[in-house]
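These are the residues of each chain, in order.
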Amino acid sequence: KGLYRSVRIPFALVKDIAKKGFPLMLNEILWALGTTTLAWCYAQRGLEVFAAQNISSTVSNLFFCAFFAMGSAISIIVGQLLGAGELERAKDEDRKLIFLAVVMCTVIGAVMAFLSPYIPQVYNTTDTVKRIATIFLLISSVLMPFHGFVHNAYFTLRCGGKTFITFLFDSVYVWAVCVPLAFVLAQFTDASAITIYFAVQSLEIIKCVVGFILVK
């Protein structure tokens, strides 16, 4: 009531928005920088690897829209229930939504795996790039249910107002765990690009355990 009577925003509300929003904004900046650094680590094995990773990430994000959407659904549905004080119902709905997301990701991941040899063929690039991109897509498809669980656990924590925990869970994890592993493997070992990519992506399984504990 009275929303349009004035453009004034109470200082307490501004302070609360800044308090909750700043960790999220900082998280997105650091996560983007972390993703860029990971791409640089993969590129240490050659520009063909960098091109293959670009193809893989572009195509993967198209399929990942499934659990991106489920994360938004959790924000809306569970967030409303928490706001209404219906904690037990929020828990029940969240469990069901996360389960649905994992099932969806399993099915869509299987489709992605089936299409992975064919999708890189539409790109005007070398056979080596296509082969590496295919393997990257297969790795992403196998790990897609884990990505789905992590993403929806992350949005559960966010809709519960735990923005600092999500900051640790997302960008801090990338910089503290994923980037160091990729850097060490790229700089100090003879591991192939595929091995490095698989090792880094597999860290999502550890994140699943952490996400489960935090949500529980």
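Whatever comes next refers back to the structure up there.
The rules we used
Residues numbered from 1 in each chain as written. Predicted model: local features only at pLDDT ≥ 70, side-chain atom pairs only at ≥ 80, totals over all residues. Heavy atoms only, no water. Patch = residues over 30% accessible without salt bridge, like charges linked within 9 Å, V, L, I, M, F, W, Y side chains within 5 Å. Areas by Shrake-Rupley, 256 points an atom, 1.4 Å probe, with all protein chains shown as cover. Salt bridge = Lys/Arg side-chain N within 4 Å of Asp/Glu carboxyl O. Helix = DSSP H or I, 4+ residues; strand = E, 2+ residues; numbered from the N terminus. Axes fitted to C-alpha atoms, helices over the stretch in contact; angles between N-to-C directions. Parallel < 35°, antiparallel > 145°, perpendicular 65-115°, else oblique. Left-handed = near helix turned anticlockwise from the far one by under 90°. Contact = heavy atoms within 4.5 Å. Nonpolar A, V, L, I, M, F, W, Y, C, P; charged D, E, K, R; others polar. Phe/Tyr/Trp six-rings, centres within 6.5 Å; stacked < 30°, edge-to-face > 60°. Buried < 20%, exposed > 50% of the residue type's maximum accessible area, 1.4 Å probe, protein only. Lys NZ or Arg CZ within 6 Å of the ring centre and 35° of its normal.

1. Remarks on a nonpolar patch on the surface
Here is step 1: There is a patch of nonpolar side chains on the surface, built from Ile-9, Phe-11, Leu-13, Val-14 and Ile-17 and spanning about 510 Å² of accessible area.
Here is step 2: Its place among the elements puts Ile-9 in the segment before helix 1 (11-43).

2. Observations regarding the packing of helix 4 (residues 127-142) against helix 7 (residues 193-215)
Here is step 1: As a packed pair, helix 4 and helix 7 sit with axes 10 Å apart at the nearest point and diverge in direction by 20°. Between helix 4 and helix 7, the crossing angle belongs to the class labelled roughly parallel. When you trace helix 4 past helix 7, the crossing you get is right-handed. Contact with helix 4, carried on its side by Arg-131, Ile-135, Phe-136, Ile-139 and Ser-140, involves Ala-193, Ile-194, Tyr-197, Phe-198 and Gln-201 of helix 7 and no other residues of that element.
Here is step 2: Split into classes, the residues belonging to the contact of helix 4 with helix 7 amount to seven nonpolar, two polar and one charged.

3. Structural notes on the packing of aromatic side chains
Here is step 1: Per the counting criterion, the structure on display carries eleven aromatic pairs.
Here is step 2: Between the aromatic rings of Phe-136 and Tyr-197, the centroid separation amounts to 4.1 Å while the plane-to-plane angle is 20°, which identifies the pairing as stacked. Here Phe-136, found in helix 4, pairs with Tyr-197, found in helix 7; they are 61 residues apart in sequence, far enough to count as distant. Both residues of the pair, Phe-136 and Tyr-197, belong to the buried class.
Here is step 3: Each ring, one from Tyr-154 and one from Phe-169, has its centre 6.5 Å from the other, and the planes form 20°; the classification is stacked. With a gap of 15 residues between them, Tyr-154 in helix 5 (residues 144-159) and Phe-169 in helix 6 (residues 163-188) connect regions that are remote in the sequence. Neither Tyr-154 nor Phe-169 differs from the other in exposure class; each is buried.
Here is step 4: An aromatic cluster is present here, built from Trp-40, Phe-183 and Phe-188 joined pairwise through their rings.
Here is step 5: One residue, Arg-158, lies across the ring of Phe-155, its end atom 4.9 Å from the ring centre.
Here is step 6: Cation over ring: Lys-207 sits above Phe-169, and NZ or CZ is 5.4 Å from the ring centre.

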